[in-house]
Amino acid sequence: MPKAAIFDIDGTLIDSVDLHALAWHEAMVKFGHDVSFEQARGQIGKGGDKLIPHFLTDDAQRDHGKDLEEWRGRRFKSEYLPLVRPFTAVPDLLRRVRDTGVRIAVGSSAKKDEVAEYLDIARVTDLIEVTASSEDAEESKPAPDIFEVVLRKLRLEGADAVAIGDTPYDAEAAGKAGIRTIGVLCGGFTEQSLRQAGCVEMYPGPAGLLACFEDSLLAR
């Protein structure tokens, strides 16, 4: 059995991917960049340090990259955060993990204050032992930094943990840290893309993982 389960948040525990994509799409358009909702959605799971360079040139980043990201943050909190809801069975899944003796952590490309709000929305704050956000790491996913921070806090090696995430960037980041990844499809990425990124098991979402818990990596 693993000693720790490291959960992503957006698209894994809470239904927020489309809302983040809308905020990024609107921010890009406001600052003069022709980025569609679909294009923005394909980059959700990365932090701003990885997402913005995907669409903006170096000159554009220097000119208004910071302003764009700050506008996006304000837009999301004012318009879309109130719409975020948890996926079914999230607290039950985390309690099941805890009851097996596996420690629970969160590693997210979101900012620290956002992580706290999301865990409150998901009603799992009291179940989490360790958290790491984009502010704890030099680079966000798909770089391994966030997972490495979690491992250091837990004082564990990568082989002792299992990651649970919904994007290829979760699996890539976890794999670079030596962590196996369970993929969930509730964030909207395809099973093929998740498996190609390194996911070794696949479930529709938290409820599906809970239903198959005894046969999952979390229990063996």
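For the structure, see preceding data.
Residues numbered from 1 in each chain as written. Predicted model: local features only at pLDDT ≥ 70, side-chain atom pairs only at ≥ 80, totals over all residues. Heavy atoms only, no water.

Colleague: Lay out the packing of helix α1 (residues 17-30) against helix α4 (residues 58-80) in plain terms, naming residues and giving numbers.
Modeller: In contact at an axis separation of 9 Å, α1 and α4 are set at 135° when each is read in the N-to-C sense. By the angle between their directions, the pair α1 and α4 is classed as oblique. Both α1 and α4 take part in a crossing whose hand is right-handed. Here α1 contributes Leu19, His20, Leu22, Ala23, Trp24, Glu26, Ala27, Met28 and Lys30 to the contact with α4, which in turn contributes Leu68, Glu69, Trp71, Arg72, Arg75, Phe76 and Tyr80. Broken down by class, the residue content of the contact of α1 with α4 amounts to 10 nonpolar, 1 polar and 5 charged. (Axes fitted to C-alpha atoms, helices over the stretch in contact; angles between N-to-C directions. Helix = DSSP H or I, 4+ residues; strand = E, 2+ residues; numbered from the N terminus. Parallel < 35°, antiparallel > 145°, perpendicular 65-115°, else oblique. Left-handed = near helix turned anticlockwise from the far one by under 90°. Contact = heavy atoms within 4.5 Å. Nonpolar A, V, L, I, M, F, W, Y, C, P; charged D, E, K, R; others polar.)

Colleague: Give me the pattern of salt bridges: which residues, what numbers.
Modeller: A complete count under the given rule lists 15 salt bridges for this structure. Salt-bridge contacts for Glu26 lead to Arg75; the nearest nitrogen and oxygen are separated by 2.6 Å. Here Glu26 is found in helix α1, whereas its partner Arg75 is found in helix α4, with 49 residues between them in sequence. Overall, Arg75 belongs to the partly exposed group, its relative accessible area being 28%. One salt bridge connects Lys111 with Glu69, and the closest N-O pair in it is separated by 3.8 Å. With a gap of 42 residues between them, Lys111 in the loop between β4 (103-107) and α6 (112-121) and Glu69 in helix α4 connect regions that are remote in the sequence. Since its relative accessible area comes to 33%, Lys111 is described here as partly exposed. Since its relative accessible area comes to 23%, Glu69 is described here as partly exposed. (Salt bridge = Lys/Arg side-chain N within 4 Å of Asp/Glu carboxyl O. Buried < 20%, exposed > 50% of the residue type's maximum accessible area, 1.4 Å probe, protein only.)

Colleague: Tell me what's going on with the pairing of strand β6 (residues 161-165), and back it up with residues and numbers.
Modeller: Sheet faces and side chains relate simply in a regular strand, where the side chains alternate between the two faces. Of all 5 residues in β6, 5 are buried; the element is thus mostly enclosed. With burial as the criterion, each face of β6 is covered, one bearing Ala161, Ala163 and Gly165 and the other bearing Val162 and Ile164. Pairing of strand β1 (residues 4-7) with β6 involves 4 bridges; the strand directions are parallel. Residue Ile6 lies in a different strand from β6, and its bridge partner there is Ala163. Each parallel crossover has a hand, and the one from β6 via helix α8 (residues 168-176) to strand β7 (residues 180-184) is right-handed. (Pairing = 2+ DSSP bridges. Right-handed = clockwise from strand over helix to strand, strands pointing away.)

Colleague: Can you lay out the nonpolar core for me, pointing to particular residues and giving the numbers?
Modeller: The nonpolar side chains of soluble globular proteins are, as a tendency, buried together. Among the nonpolar cores identified, the biggest contains 37 residues, and Phe7, Leu94, Val97, Ile164 and Leu218 are the most heavily contacted of them. Sort the elements by how many residues they give to this core and helix α5 (residues 90-99) lands first, with 4 residues. Non-local contacts of Leu94, meaning those with residues more than four positions away in its chain, are made with Phe7, Leu13, Ile104, Val124, Leu127 and Ile128. In this structure, Ile6, Ile146, Val149 and Ala161 belong to the second largest nonpolar core, which totals 19 residues. (Core = buried A, V, L, I, M, F, W, Y, C linked by side-chain atoms within 4.5 Å.)

Colleague: Just give me the short version of unusual backbone geometry, but keep the residues and values in it.
Modeller: The omega torsion of the bond from Lys141 to Pro142 falls at 15°, within 30 degrees of zero and hence cis. Here Pro142 shows up in the loop between β5 (130-132) and α7 (145-154). The backbone of Ala89 shows a phi angle near 75°, a positive value even though the residue is not glycine. Checked against the element boundaries, Ala89 lands in the loop between β3 (85-86) and α5. By relative accessible area, Ala89 is classed as buried at 18%.

Distances and angles like these do not, on their own, reveal function.
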